[in-house]
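What follows is the residue order along each chain.
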Amino acid sequence: MSEFRKDPVQNRWVIIDPDYPIDDRGLYTVDLPDDLPALDPDCPFCPGREALVGPELLRYNFIPKDGVDWDIRVVPNRVPVLRVETQIEKEADGIYDWMSGVGADEILIESPYHNDLPHRIQPNRVEQVFWAIHDRILDLRKDTRLNYLFYFKNFGHQAGDVVVHPHSRMIGTPFIPATVEEELLGGEEYFDLKERCVFCDMVKQEMKAGLRMVAENEYFISFCPYASRYPFETWIIPTGHLSHFEASSKNHLYNLAEIYTETFKKLHKVLENVPFAMVMHNGPLQEEDLPYFHWHLEIYPILTCCPGQAMGGQIYTNPVAPEQAAAALRGESE
Ligand SMILES: [Zn+2]
Ligand SMILES: [Zn+2]
Ligand SMILES: [Zn+2]
């Protein structure tokens, strides 16, 4: 039997329907050889080809070992969709608004090792990745033209990714992405009504109920949201209120790296090499300490193709109830 469930932040309804066919053409998977090399001479992000990808915006070094001397690098996207050095210009053409493509487009190379896949990468390396995002946010927010830094990671060509080497991307924009804007508005409405953060309330309820929980540690939980749009949709969120990722403490980032690796290991165990998209929803760059917003990571495994009703009407039909997905990820069979 199908049911409707409402997302408490965006007030969006989704259909959870266990009888809805996933896709009889088979589930997507990222085709990777078992013996993926640690270093690939043809990969643009592997050590030895640093000069290929342009000037570095950030580098974390370590003592050279086997010819490798860095942990993390951030470089400008070779084919950027936006550029910081452009002047901001705005125009209206009748009912249409236009703005020059000012912004930042950066690639975060998460590891020198080609085969550090999301379920294999070590927590101490992931912690460095989060420090790099933290440092880039602090740097980019000095450019007051930028209002948002959108951090995301795509894995597998079904998610739009072309390079296997562990990497993610940051796009800084003068505007706030529509989904984040909706979450900010939804959070503010809830706060005006109840004087509490909707995300904090969600965390409390999920921890108490337990049935959608995937993992937890001192500072974070990961869980399958009540109104999940996609099968095995999983969020990672700090348990204490924090509107901006860049306000995280050392303990936060340590615990974040732990829960991140644990969550991806669990996803891999159930959905081997599944393509996915991961996005960070964060507070706007030029604001701080918002009482009604709470930063988080959203992970969407891509099991099948996205149907038109989701693209055109935001009507999502999810065949896997989040309780069922969470139980599978916790290693309990239903
Ligand atoms: Zn590589
Ligand atoms: Zn909160
Ligand atoms: Zn969100």
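Residues numbered from 1 in each chain as written. Chains lettered and ligands numbered in written order. Predicted model: local features only at pLDDT ≥ 70, side-chain atom pairs only at ≥ 80, totals over all residues. Heavy atoms only, no water.

Novice: Pulling in residues and values, what's your account of the environment of L58?
Specialist: Note that L58 resides in strand 3 (residues 58–65). For L58, a relative accessible area of 11% corresponds to the buried category. Through-space distance from the C-alpha of L58 to that of I171 is 15 Å; in sequence the pair is 113 residues apart. Beyond its immediate chain neighbours, meaning those up to four positions away, L58 contacts I72, R73, V74, A132, D135 and R136. (Helix = DSSP H or I, 4+ residues; strand = E, 2+ residues; numbered from the N terminus. Buried < 20%, exposed > 50% of the residue type's maximum accessible area, 1.4 Å probe, protein only. Contact = heavy atoms within 4.5 Å.)

Novice: Tell me what's going on with the nonpolar core, and back it up with residues and numbers.
Specialist: Residues L108, F130, I133, F245, L256 and L297 are the most contacted members of the largest nonpolar core, which totals 52 residues. Those residues in contact with L297, other than ones at most four positions away along the chain, are F130, T234, W235, I236, L256, Y260, M278, V279 and M280. (Core = buried A, V, L, I, M, F, W, Y, C linked by side-chain atoms within 4.5 Å.)

Novice: Explain helix 3 (residues 198–209) to me, and be specific about the residues and the numbers.
Specialist: The first and last C-alpha atoms of helix 3 sit 16 Å apart over 12 residues, in line with the 16 Å expected at 1.5 Å per residue. Along helix 3, the residues classified as buried are V198, F199, C200, D201, M202, V203 and E206. The inward-facing, buried residues of helix 3 abut helix 2 (178–194), strand 10 (213–216), strand 11 (220–223), strand 12 (234–238) and strand 14 (296–301). Just downstream of helix 3 lies G210, where phi reads positive at about 75 degrees. (Expected span 1.5 Å × (residues − 1).)

Novice: Can you tell me about the coordination of the zinc ion (ligand 2), naming the residues and giving the values?
Specialist: Looking at the zinc ion (ligand 2), the protein donor atoms are C197 (SG), C200 (SG), H241 (ND1) and H294 (ND1), and they sit 2.1 to 2.3 Å from it. With four donor atoms in place around the zinc ion (ligand 2) and angles of 105 to 117 degrees between them, the coordination shape is tetrahedral. Read in sequence order, the donor residues for the zinc ion (ligand 2) give the motif C-x2-C-x40-H-x52-H. Placement of C200 in helix 3 and of H241 in the loop between strand 12 and helix 4 (250–270) is noted, with a sequence separation of 41 residues between them. (Donors = N, O, S within 2.8 Å, 3.2 Å for Na, K, Ca; no water. Tetrahedral: all angles 85-135°; square planar, octahedral: opposite > 155°, others 65-115°.)

Novice: Account for the coordination of the zinc ion (ligand 1), naming residues and giving values.
Specialist: Taken together, the protein donors to the zinc ion (ligand 1) comprise C43 (SG), C46 (SG), H114 (ND1) and H165 (ND1), at separations of 2.0 to 2.3 Å. Angles of 105 to 117 degrees at the metal separate the four donor atoms of the zinc ion (ligand 1), which places the site in the tetrahedral class. If you list the donors of the zinc ion (ligand 1) from N- to C-terminus, the spacing comes out as C-x2-C-x67-H-x50-H. With respect to burial, C43 and C46 carry one shared label: buried.

Novice: Describe in detail a nonpolar patch on the surface, supporting the description with residues and values.
Specialist: Taken together, I88, M99 and F175 make up a surface patch of nonpolar side chains, about 250 Å² in accessible area. Residue I88 is classed as partly exposed on the basis of its relative accessible area of 33%. (Patch = residues over 30% accessible without salt bridge, like charges linked within 9 Å, V, L, I, M, F, W, Y side chains within 5 Å. Areas by Shrake-Rupley, 256 points an atom, 1.4 Å probe, with all protein chains shown as cover. Salt bridge = Lys/Arg side-chain N within 4 Å of Asp/Glu carboxyl O.)

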